[in-house]
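Each chain, letter by letter, is given below.
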Amino acid sequence: MDYHPIVLIVGTRPEGIKMAPVYFALKKAGLPVLLVSTMQHEQLLQDVFDLFNIKPDYDLAIMRQGQDLFYITQALLQKTKELFQQIKPSLVLVQGDTTSTFAASLSAFYAHIPVMHIEAGLRTGDMQSPFPEEFNRRCISLLAQHHFAPTAGAAAHLIAEGIADQAISIVGNTVVDALYMLNDALAQGRIQPSIRLQERITQSIANAKHIILLTMHRRESFDGGIERVLQAVATFLREHDDVVCFYPYHPNPHVVQALQYAQMQELANCYLLEPLSYADMVYLLNKVDLVLTDSGGIQEEAISLGKRVLILREKTERTEAIAAGMAHLVGTDYAMIMAYMEQLYATPLLTGTTTFYGDGKAAEKIVQHIVDTHVLKKRYQEVSQLAHEQHASTLQTPLIQTKRNTMHVVMLGLGYIGLPTALVMADHGYTVTGVDIDAARVAAINAGDAVIQEPEIYERLQVALQKDNFKAVIQICTADYYIIAVPTPFKEEKKADLQYVYAAADMIATVLKAGDTILLESTVPVGATDAVAVYLAQRTGFKVGHDIFIAHCPERVLPGNIFHELLQNDRIIGGVTPICAQKAREVYAQFVKGALHLADAKSAELVKLIENSSRDVQIAFAHQVASMAYSLGLDPYQIIDLANRHPRVNILQPSAGVGGHCIAVDPWFLIETMQPQTALLQAARHINDARPLEIIAYIQREILAFTRSTQRVPNVLLMGLTYKPDVDDLRESPALHIAHMLKNEPSCRLLVCEPHVKQTYLKGELSNRVVNITQGVEQADIIVFLVAHTRFKAIDRTILATKKVLDFCGSMHQKGSADELHWPKVSAAYMPHITSPLLQESA
């Protein structure tokens, strides 16, 4: 019989852990199973797959920088719809209450595929806590054909909501199955926890320390709750030096800020860790005396191992352990947390395991039910072709109908500027055709994959494609407006390379008709727009300003906030003639809410270039300050901090250099056309271009000093590779340039850490040198901060105290009050070591 497969949906690390036993049980039973990974949490989930030696059959790869619930839901509905149409599952198995689980269940429901829900029936009774999980699981219960409840209490919730008894099976929680699997593997030595973690635990036990595990990540605590919790824990640790706390913190900026506020990184008896592997977490849970957590899964695991738990939530759906006195609901109340910690600190430890949440055989029971119901013998419901067509038609109808503009726009170039601008114009009623010479990019965009990373872009692309007023093509077509948004890099001699602009102009010339308007958005040297106008006039015979209209309208947006700034920012519109500027204004007035300033083309070109060039000069001054401070043995970040206390001084922070696609490039366009008038810009460019070389010289000096004192080659860790903090953009990154210059350096073993870029991509660039924060800090002898990512602020300072630290981006600098910033306060740990009489004196 031709079976349709069972599909398991997994999107986050907890889902991966809890679904692994089910996956193995289905395989053992000989049932056709496909594992679908949404990659809602990419690296954390991949670590789980690696641990259990599981390879997903399909990877939907939805994770994006800055993703939110809107994006995740829409992306998964679209991608699971396409997948389900392709593989036609007989059954979809989902676990828990994540947005991946909810969206996949809804997609299966729309496609008339039966859904079975693992870990069904958990409830707090409050739709806002936990958010959005309580909503997700209630909705899944409405869609599911069968409900695998972990406990009798969870089953009672389902019955109270009208679910029939025969549709519910009490099986326990599969997390206990996974816990037992990992415990066995650890006991038999088949997997090993990290050496550093083992050393810390062994040392703590040898010194008769009480061990606490703290985890906290829920967004409902970001309104001040996490600050109260961390303050309570920090106070307790200061008062009890016989207690050590292991805190694998979540890299969310709210968490990092709260952690800094509580000064957790300064406590000798608090170990700050990157998110632990599941093997390390299970090992740690076995060793701790007390667990403080807002995680549902860790509640279950800790209680199953007989550990006492303080639940850092106002409500919990796991009440069994509370009723038994093993867990206490303390929320984020400072006084309550302190009181219970003091109470449990003086209470004898518990011993043994418990079965409140399962006996380790939940997966077997789930699979047995699937086999017994014969759900695989025939597809639950074969939907007629007509029903499918009606359903598809419903999905393709936009919820909001926008009045369509009769004007047709062709966007040449579908990169970081072209594609977002095209989608905004489509959203405002224009019919937009995007042209790109990259066939793979065109195919991906038409399939709903935006290719580039930008908040909101996936959702906006889906809407535009469904409204059918946007498409991507390779060949140009006729239109009313042509917008050129192609790259304008510079050549080796720092001259602007306008070949893509002229290639776009050549394409336009083949379809141009009288009355059309051409808008050049690409950043170009002064005079380029006029030159393009002359070129097009010569090629077509049209008169500019009479037959055709040409203007320069430079973009002024910040990656990460492009859609907001496309609408809200003022725009400079520079026409080749006044009528050209007016024609261009008509286009942008349809969607730009900011002011539209009309000028001539040269003025618009110059304004755009001096905007970025002024920033380049300011950065160069900061780098000069850093060089001067280093020459005196001073901390440049302290010097700038003090100087900026003057009411009319605002010096920028020194960094590893200038990168990205604008600031490092645009000044050269001015230098190219006005060399005598750009001496300051030339000096700034040379200073900023030389900054990576200056940093490498400092690093090499430290490598030599280390080798001389230890007679071995040091491990050098570079922290951060993107061109600016908290983004995933590597374009023209000076930090990446430094990494490439050092990667084959025989005098050191290079390690690199970049938490914002996909590890698979980084390994393609830098192979086995790529490490996570914990691995890198443990292995490094010399740590070099190149990019001031927020999450680096939370690195355990007690560990850094044992390393040589070079900070070239201010990541370790802490702004203090005027009283704290007084001479001498120079730390060799925060700056390159330079022999200086002043430094020797202060030591």
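Below or above, wherever it landed, is the structure these notes cover. In this text, all values refer to a predicted model and were calculated from it rather than measured experimentally.

## Some details on the overall build of the protein
Here's step 1: In terms of regular secondary structure, the protein is built from 32 helices and 25 strands.
Here's step 2: Scaling as 2.2 N^0.38, a compact globule of 843 residues should have a C-alpha radius of gyration of about 28 Å, and the protein matches this with 30 Å.
Here's step 3: The principal-axis extent of the C-alpha atoms belonging to the protein is close to 85 × 85 × 45 Å.
Here's step 4: A total of 843 residues make up the protein; the buried ones form 56% of that total.
Here's step 5: Taking all contacts inside the protein whose residues are at least 6 apart in sequence as the whole, residues at least 24 apart take part in 71%.
Here's step 6: Accessible area of the protein: about 34,900 Å², with a carbon and sulfur share of 54%.

## Here we look at the nonpolar core
Here's step 1: Core analysis: the biggest nonpolar cluster contains 66 residues, and Leu 8, Val 22, Leu 26, Leu 93, Phe 246, Tyr 278 and Ile 370 have the highest contact counts within it.
Here's step 2: Non-local contacts of Leu 8, meaning those with residues more than four positions away in its chain, are made with Met 19, Val 22, Tyr 23, Leu 26, Val 33, Leu 34, Leu 35, Val 36 and Leu 93.
Here's step 3: By size, the runner-up hydrophobic cluster in this structure holds 39 residues, among which are Ala 422, Tyr 430, Leu 519 and Ile 573.

## Observations concerning the pairing of strand 20 (residues 571-575)
Here's step 1: Where burial is concerned, most of strand 20 is hidden: 5 out of the 5 residues are buried.
Here's step 2: Neither face of strand 20 is open: one carries Arg 571, Ile 573 and Gly 575, the other Ile 572 and Gly 574, and all of them are buried.
Here's step 3: Bridging between strand 19 (residues 549-552) and strand 20 involves 2 bridges; their strand directions are antiparallel. Bridging across to strand 20, Ala 551 finds its partner in Gly 575.
Here's step 4: Of the strand pairs in this sheet, strand 20 and strand 21 (residues 596-600) are connected by 5 bridges, and their pairing is parallel.

## So, the sheet that holds strand 6 (residues 146-149)
Here's step 1: Overall, parallel pairing links the 7 strands, which are arranged 3-2-1-4-5-6-7 in an open sheet. A strand with exactly one partner marks an edge of an open sheet, and here the two such strands are strand 3 (58-59) and strand 7 (168-170).
Here's step 2: Across the sheet, helix 5 (residues 133-143) is in contact with strand 4 (91-95), strand 5 (115-118) and strand 6; its angle to strand 5 comes to roughly 140 degrees.

## Some words on the packing of helix 9 (residues 225-239) against helix 10 (residues 253-261)
Here's step 1: Relative to each other, helix 9 and helix 10 sit at 35 degrees, their axes nearing to 9 Å. In this structure, the crossing between helix 9 and helix 10 has a hand that is right-handed. Within the contact between the two elements, helix 9 uses Ile 226, Glu 227, Leu 230 and Gln 231 and helix 10 uses Val 255, Ala 258, Leu 259 and Tyr 261.
Here's step 2: Considering only residue class, the contact of helix 9 with helix 10 consists of 6 nonpolar, 1 polar and 1 charged.

## Some thoughts on the pairing of strand 5
Here's step 1: Side chains Val 115 and His 117 of strand 5 all project onto a buried face; the interleaved residues Met 116 and Ile 118 project onto the opposite face, where all are buried too.
Here's step 2: One ladder, built from 4 bridges, connects strand 4 with strand 5; its direction is parallel. Bridging from a neighbouring strand, Leu 93 pairs with Met 116 of strand 5.
Here's step 3: With helix 4 (residues 99-110) bridging strand 4 and the parallel strand 5, this β-α-β connection has right-handed handedness.
Here's step 4: For the crossover from strand 5 across helix 5 to strand 6, the handedness is right-handed.

## Some remarks on empty space enclosed by the protein
Here's step 1: Overall, the coordinates contain 5 cavities of 30 Å³ or more when judged by the stated rule.
Here's step 2: There is about 110 Å³ of room inside the largest cavity.
Here's step 3: Considering the residues around the largest cavity, the lining is formed by 13 residues, among which Leu 272, Leu 273, Thr 774, Val 777 and Ile 799 are closest to the centre.
Here's step 4: With 4 residues, the single largest contributor to the lining of the largest cavity is helix 30 (residues 773-779).
Here's step 5: Split into classes, the residues belonging to the lining of the largest cavity amount to 8 nonpolar, 1 polar and 4 charged.
Here's step 6: By volume, the second largest cavity amounts to about 90 Å³.
Here's step 7: Lining the second largest cavity are 12 residues, with His 210, Ile 212, Asp 289, Leu 290 and Tyr 345 sitting closest to its centre.

## Topic: the sheet that holds strand 23 (residues 749-753)
Here's step 1: An order of 23-22-24-25 is seen for the 4 strands of this open sheet, with the pairing classed as parallel. Both outer strands of the open sheet, strand 23 and strand 25 (804-807), are each paired with one neighbouring strand and no more. In this sheet, adjacent strand axes meet at a mean angle of 20 degrees when their direction is disregarded.
Here's step 2: Where strand 24 (residues 782-785) and strand 25 come together, 4 bridges link them in parallel fashion. Looking at the pairing, Val 784 lines up with Leu 806 of strand 25.

## What to know about the pattern of salt bridges
Here's step 1: Counted under the stated rule, the structure contains 28 salt bridges.
Here's step 2: In this structure, Arg 123 and Glu 161 form a salt bridge, with 2.7 Å as the shortest nitrogen-oxygen distance. Within this pair, whereas Arg 123 is found in the loop between strand 5 and helix 5, its partner Glu 161 is found in the loop between helix 6 (152-160) and strand 7, the two being separated by 38 residues in sequence.
Here's step 3: The buried category is assigned to Arg 123, whose relative accessible area is 8%.
Here's step 4: Put simply, Lys 513 and Asp 516 hold a salt bridge, and the shortest N to O gap is 3.1 Å.
Here's step 5: Given the relative accessible area of 34%, Lys 513 is considered partly exposed.
Here's step 6: It is possible to trace a salt-bridge network through shared partners that takes in Lys 18, Asp 97, Glu 119, Glu 134, Arg 137, Arg 138, Glu 300, Arg 313, Glu 317 and Arg 318.

Criteria and thresholds
- Here the residue index of a chain counts from 1 through its sequence in written order.
- Per-residue local features of the predicted model are confined to residues with pLDDT of at least 70, and side-chain atom pairs are confined, for both listing and counting, to 80 or more; whole-chain, interface and lining totals are unaffected and use all residues.
- Each side-chain value is worked out from all heavy atoms of the structure, with water and hydrogens disregarded.
- Secondary structure follows DSSP: runs of H or I at least 4 residues long count as helices, runs of E at least 2 residues long count as strands, and numbering of each begins at the N terminus.
- For a compact globule the rule gives 2.2 Å times the number of residues to the power 0.38, and the radius of gyration it is set against comes from C-alpha atoms.
- Burial classes: relative accessible area under 20% of the type maximum marks a residue as buried, over 50% as exposed, and values in between as partly exposed (1.4 Å probe, protein chains only).
- Between two residues, a contact is recorded if the distance between any of their heavy atoms is within 4.5 Å.
- The accessible surface values rely on the Shrake-Rupley method and a 1.4 Å probe; as for residues, cover is taken only from the protein chains in view.
- For the purposes of this section, nonpolar cores are sets of buried Ala, Val, Leu, Ile, Met, Phe, Trp, Tyr and Cys residues that join through side-chain atoms within 4.5 Å.
- Strands qualify as paired when DSSP identifies two bridges or more between them.
- Between N-to-C directions, angles cover 0 to 180 degrees, with each direction set by a line fitted to C-alpha atoms, over the stretch in contact for helices.
- Crossing handedness is defined as follows: a turn of the near helix away from the far one that is anticlockwise and smaller than a right angle gives a left-handed crossing, while the clockwise case is right-handed.
- Three categories are distinguished: nonpolar for Ala, Val, Leu, Ile, Met, Phe, Trp, Tyr, Cys and Pro, charged for Asp, Glu, Lys and Arg, and polar for the others, with Gly belonging to the last.
- Handedness rule for crossovers: strands pointing away from the viewer, path from the first strand over the helix to the second running clockwise, crossover right-handed.
- As defined here, a cavity is a set of points on a 1 Å grid over the protein atoms alone where a 1.4 Å probe fits but cannot get out. A pocket is an open set with protein on both sides within 12 Å along at least five of seven lines, and residues line them when an atom is within 4 Å of a point.
- Grid points are joined across faces, edges and corners, and a volume is the space filled by probe spheres set on the points.
- By salt bridge we mean one thing: a side-chain nitrogen of Lys or Arg within 4 Å of a carboxyl oxygen of Asp or Glu.

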